[in-house]
Amino acid sequence: MPQLIGREDEIARLADLVVRVPERGGALIIRGQPGIGKSALLKAAAVMSAQSRLLTAVGVQAEARLPYAGLHQLIHPLLPRAAALPPPQRDSLREASGATDVVVPDLYLVALATLNLLAEAGPVVLIVDDAHWLDEASTQVLAFLARRVESESVVVLAGVRDGLHGTGLPELALDGLGRVAAEALLDRSAPQLSSNVRQRVLREAAGNPLALTELPRAWRDLSGDALLDTAWLPLTERLEKSFGSQAAAMPEATRAVLLIAAVNDGDSLSETLSAAAPLTDRDLAPAAGLVSVNQGRLTFRHPLMRSAIYQSATLSQRHAAHAAVARALANVPGADDRRVWHQAASSTRPDATISAGLDDLADRARQQGAPITAVAALEQSARLSADPHRRADRLLRAADVAVELGNRDLVGRLLRQAEPLDLSATQRMRALWIRASFGDGTDDPAVGAPALADLAASAAADGEPELALRILWGAALRCHWIVPGPEAAGRVVEVAESLPFDRHHPQVLAILAYAGPVERGAAVIDGLARVTKEPVVDPQAARLLGTAAVLVGALDVAESLSATALTGLRAQGRLQMLARALSAQAWSAALMGNLDVGIPAAQEAVTLARETGQPQMYGTAVCTQAVLAALGGDSTQALALAAEAERVSLVPGVRPVLATVQLARGLVGLAGGQFADAFGQLARMHDPADPSFHPAIRCYVLGPLADAAVRSGNAAAAREIIEEMEAIARTTPSPALHSGLGLARALLAEEPQVHFERALAADAIRWPFARAQEQLAFGTWLRRRRRTAEARPLLRAARDTFDALGVTPWGDRARRELRAAGERSERRLSSPRDLLTAQELQIVQLAAEGLTNREIGERLYLSHRTIGAHLYRIFPKLGITSRAELNALMRSSD
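Residues numbered from 1 in each chain as written. Predicted model: local features only at pLDDT ≥ 70, side-chain atom pairs only at ≥ 80, totals over all residues. Heavy atoms only, no water.

1. Details of the overall build of the chain
Then step 1. For the chain, the count of helices and strands is 47 helices and 7 strands.
Then step 2. In terms of overall size, the chain behaves like a compact globule, its C-alpha atoms giving a radius of gyration of 32 Å where 894 residues would be expected to give roughly 29 Å.
Then step 3. Across the 894 residues in the chain, those meeting the buried criterion constitute 57%.
Then step 4. The long-range share in the chain, meaning contacts at least 24 apart out of those at least 6 apart in sequence, stands at 67%.
Then step 5. Roughly 37000 Å² of accessible area belongs to the chain as shown, and the carbon and sulfur atoms make up 51% of that amount.
Then step 6. If the 94 positive side-chain charges of the chain are averaged to one point and the 99 negative ones to another, these points end up 3 Å apart. (Helix = DSSP H or I, 4+ residues; strand = E, 2+ residues; numbered from the N terminus. Rg over C-alpha atoms; globule rule 2.2 N^0.38 Å. Buried < 20%, exposed > 50% of the residue type's maximum accessible area, 1.4 Å probe, protein only. Contact = heavy atoms within 4.5 Å. Areas by Shrake-Rupley, 256 points an atom, 1.4 Å probe, with all protein chains shown as cover. Lys, Arg positive; Asp, Glu negative; His and termini not counted. Charge placed at Lys NZ, Arg CZ, Asp CG, Glu CD.)

Dropping the structure here:
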């Protein structure tokens, strides 16, 4: 076992992960300040990994702009195995490695390919030092892996500096060594120090191991006032100064080669020497204490050494070093992007050729899922642009890409650079639109939907209808998420209908549904019927149409379209859009009482929304989980989830989430017999002054509202709401609205029988949950009038439907009514839904459809080994031993 002074507990934690990797996977982020010992612990972990395949990478600051540079460094020994991957994964991984020109559909497809590659090669230990300097794409792939290796023979270890955002992964925070350990390390590294220097080093190092070994080299001969002069710098800067002073004492030729090495974003010794010619490796020899050379690779003993050498050089020296590296890379295959970066870093004046090269680099970076690199390239390109109009255009393109990152400060900085450049009318429009792009309208209400609608109209008038459509989509999202009012929504609808697109264009239909779900409900429903006569092939179009269907109450259509979208989005690896499609599917399934679809969809939407940084989708998925938990009878979980959704949505005023929170709480009240509370919660959705008011969502929960009102003595108040809904129903054929109204009319009527009969015989689209609620309500009414023979078939049918759907409180209520009607009911049999987690339910559903473990893994972005591990745990829960039994079990529970 490796021995590090004062790190026994940390070594033990690493050993528990690394030594047991054949049995289980895991991840650990080692966090701490420079020099605290992250690298030493990772090296110790590498030594302990002798029984596993070891893959290592080191983040290099200069490589942070190169998409997948870190990933390639990490997995290049395994790339020959990529030929066995499914073609989409294989091609995406080869493109990320620069081996093909295929366009990567999405970063997450690369990540899934990497996961499967590692799973097949296990046991594997991945060690990434200085992970804070990895390129963005590699960082995201690494995070994806770390969240999914628990069931694999894969361990991911990474060292990062303090001050960076948390990862949500298990972390080991390193503090300084204790006094005894610090003294032991200092005695080992510098035993001959004078007493006053020794005490000063111990005090200033504060337990930092690098400081304990490096500061004595600089302070060994200091005393008195000279020693005091070293105190004003922070520890990291003191260490850099120490390294810089070591380099400064070396020959000029050695310093020149070191600067080239510090500037170079690769570790090839031949590249560095080629750039440094006519200097040779003999000139590098005096720097043996700062750098090491092994198998043609030149590395600095510590990253602070590289930084110290770079910072100590003059600006002209740095420019010259970058130019030398650029020249050396001219004939290196696959180094075009690196060469362009160095050319840009060496240039002090505008250069159209370099700017164009940076533009091309930005386009490639976006294709490879690396928006940070694209932003940096476009900003550099703007700096080197002589034409102000071109400079502004590149800055606006950079800001547009930066919106993907969710970094408001970066977007603001880029716009501030662009706005003084005498922008054209179109550029001013783009700047306004970009500034308004955050949070689907919830983050910046100052840029309202009407202003964006006017902007879209101007863009269309200027001959840019596609840009107009994109801008108007942002305006429509504002109408949905923050509900700015009917005038604002009306302006968005007006502009949408004026654009030169087919009126059944998927995005136009989605805009109309988001901005005018009631006013344009008929047009959207008609458009959905026409568009879906043929299969919708484009998954993004299916997603847009699915969300449109949700908002106009065509919930069965929404569920179907969302399912269609999911297949294509999964294949393309578009997890951001996948989270949105899953949220729409889960929400519509919840309102239809379809727990088998809603529970796994909502859980996956929560996971992906969190992973892809979409707070609105996260809130939507969590509040949907709350509704599903309420329907399933878990009131404690439902209320906890509702509180979480409200917590993330109340301040930004995300009205659809807040409305769904009230629905969940209302359903909990209904299930628990707290009818007055249930009515109060549900009635809030109909108050325009309440944060949970939403013009679309309030239309689709009228049955529970009327039920709670009748059972709490609030029928009169409910009739006022229903009267308003009747007027709305005359403007839209929304199936969900008319279905809910049918039940509400019957519950609130003085003579309800005709209304119940009309509701049950309606030609409108029917869903099992809605029909069962009508049967329960009608059966209850009949039973209370002693018409038990007529009541029992209705109550029996309602009970069976509720049991099949898993909506336990409603099933229990139907049983109570049947018992009161003189008929006993068998206890509801448990189903797989009752025994499994949401993810396990999703896996068994797919397995029951006949999918292999590998196919299931591809759908859920897990390796086939993880799927196998899940099934291994699932079978005993279900009391089965084979897939054949699983298929029979799932069929019997349908």
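2. Topic: the nonpolar core
Then step 1. With 227 residues, the main nonpolar core has L93, L472, V492 and F802 as its most contacted residues.
Then step 2. Excluding anything up to four places from it in sequence, V492 contacts A449, A453, L472, A475, A476, C479, I511 and A515. (Core = buried A, V, L, I, M, F, W, Y, C linked by side-chain atoms within 4.5 Å.)

3. With respect to the packing of aromatic side chains
Aromatic rings in a pair are described by how distant their centres are and how their planes are angled relative to each other.
Then step 1. For the structure shown, the criterion picks out 7 aromatic pairs.
Then step 2. With a centroid separation of 6.2 Å and 80° between ring planes, the pair formed by F144 and Y861 is classed as edge-to-face. Of this pair, F144 sits in helix α6 (residues 136–146) while Y861 is found in the loop between α45 (853–860) and α46 (864–878), placing the two residues 717 residues apart along the sequence. For the residue pair F144 and Y861, the accessibility class agrees, reading buried in each case.
Then step 3. Relative to W810, the ring of F769 has its centre 6.0 Å away and its plane inclined at 80°; by these criteria the two rings are edge-to-face. Of this pair, F769 sits in helix α40 (residues 768–784) while W810 sits in helix α42 (residues 808–820), placing them 41 residues apart in sequence. Just as F769 is buried, W810 falls in that class too.
Then step 4. The structure contains a cluster of three or more aromatic residues connected by ring pairs, namely Y108, F144 and Y861.
Then step 5. When the ring centre of F144 is taken as reference, the NZ or CZ atom of R148 above it lies at 3.7 Å. (Phe/Tyr/Trp six-rings, centres within 6.5 Å; stacked < 30°, edge-to-face > 60°. Lys NZ or Arg CZ within 6 Å of the ring centre and 35° of its normal.)

4. Comments concerning the pattern of salt bridges
Then step 1. What the rule picks out here adds up to 44 salt bridges.
Then step 2. Of the charged contacts in the structure, one is a salt bridge between D596 and R833, with a shortest N-O distance of 2.8 Å. With a gap of 237 residues between them, D596 in helix α31 (residues 595–611) and R833 in helix α43 (residues 832–835) connect regions that are remote in the sequence.
Then step 3. Residue classification places D596 among the partly exposed positions, given a relative accessible area of 25%.
Then step 4. Relative accessible area serves as the criterion here: at 10%, R833 is assigned to the buried category.
Then step 5. One salt bridge in this structure joins R698 and E724, with 3.1 Å as the shortest N-O distance. (Salt bridge = Lys/Arg side-chain N within 4 Å of Asp/Glu carboxyl O.)

5. Things to note about the environment of A581
Then step 1. Looking at the secondary structure, you find A581 in helix α30 (residues 575–591).
Then step 2. According to the relative accessible area criterion, A581 is buried, its value standing at 1%.
Then step 3. Along the primary structure A581 and L561 are separated by 20 residues, whereas in three dimensions their C-alpha atoms are 8.9 Å apart.
Then step 4. When neighbours within four sequence positions are excluded, A581 is seen to be in contact with R543, S562, A565, L566 and L569.

6. With respect to the sheet that holds strand β1 (residues 26–32)
Then step 1. Strand order in the open sheet made by the 5 strands is β2-β3-β4-β1-β5, with parallel pairing throughout. Only two strands of the sheet have a single neighbouring strand rather than two, namely β2 (53–58) and β5 (171–173). If you compare each strand with its neighbour and ignore which way they point, the axes differ by 15° on average.
Then step 2. Relative to strand β4 (residues 154–161), β1 runs parallel, the two sharing 7 bridges. Bridge pairing in β4 links L28 to L157.
Then step 3. Relative to the sheet, helix α2 (residues 38–48) contacts β1, β2, β3 (124–129) and β4, its axis offset from that of β4 by approximately 165°. (Pairing = 2+ DSSP bridges. Axes fitted to C-alpha atoms, helices over the stretch in contact; angles between N-to-C directions.)

7. Overview of helix α8 (residues 195–205)
Then step 1. Listed as buried for α8 are V197, R198, R200, V201, L202, E204 and A205.
Then step 2. Positive backbone phi, approximately 50°, marks A206, located one or two places after α8.

8. A closer look at the side chain of D129
Then step 1. With respect to the helices, strands and loops of the structure, D129 is situated in strand β3.
Then step 2. Here the side chain of D129 touches S39 through a polar contact of 2.4 Å, side chain to side chain.
Then step 3. Setting aside anything within four residues of it in sequence, one finds D129 in contact with S39, L42, A57, V58, G59 and G159. (Polar contact = N/O pair within 3.5 Å; in protein donor to acceptor, adjacent residues only side chain to side chain.)

9. Notes on the confidence of the model for the chain
Then step 1. Put simply, the chain has an average pLDDT of 87, and 93% of its residues get 70 or more.
Then step 2. Across residues 221–233 the pLDDT falls below 50, and counting only partners more than four positions away or on other chains, this stretch makes 17 contacts in the model. (pLDDT = per-residue confidence, 0-100.)

10. A closer look at the packing of helix α38 (residues 735–748) against α40
Then step 1. In the contact formed by α38 and α40, the axes pass within 10 Å of each other and the chain directions differ by 10°. One element, α38, and the other, α40, form an angle in the roughly parallel class. Seen from α38, the contacting residues are S739, L743 and L747; seen from α40, they are A770, Q773, E774 and A777.
Then step 2. A breakdown of the residues in the contact of α38 with α40 according to their chemical character gives 4 nonpolar, 2 polar and 1 charged. (Parallel < 35°, antiparallel > 145°, perpendicular 65-115°, else oblique. Nonpolar A, V, L, I, M, F, W, Y, C, P; charged D, E, K, R; others polar.)

11. Considering the environment of Q625
Then step 1. Within the fold, Q625 resides in helix α32 (residues 615–632).
Then step 2. Spatially, the C-alpha atoms of Q625 and A44 are 44 Å apart, while their sequence positions differ by 581 residues.
Then step 3. Aside from chain neighbours lying at most four places away, what touches Q625 is A602, Q603, V606 and L641.

12. A closer look at the side chain of R799
Then step 1. Relative to the helices and strands, R799 resides in helix α41 (residues 788–805).
Then step 2. At a separation of 3.0 Å, a polar atom in the side chain of R799 contacts the side chain of D800.
Then step 3. Residues within four places of R799 in sequence aside, it is in contact with G811, A814, R815, L818, E823, R824 and S825.

13. Some words on α2
Then step 1. All buried positions along α2 are accounted for by K38, L41, L42, A44, A45 and M48. For α2, the angular spread of buried residues about the axis comes to 155°, placing them on one side. Residues of α2 that are exposed and point over 90 degrees away from its buried face: K43 and V47.
Then step 2. Considering only its buried residues, α2 is in contact with α1 (8–18), β1, β3 and β4. (Arc of directions from axis to C-beta.)

14. Overview of the pairing of β4
Then step 1. In terms of burial, β4 is a largely internal element, 7 of the 8 residues being buried.
Then step 2. In this structure, β3 lies alongside β4, joined through 5 bridges in parallel fashion. When the sheet's bridge partners are listed, V125 is paired in β4 with V155.
Then step 3. A crossover links β3 with its parallel partner β4, the connecting element being α6, and its sense is right-handed. (Right-handed = clockwise from strand over helix to strand, strands pointing away.)

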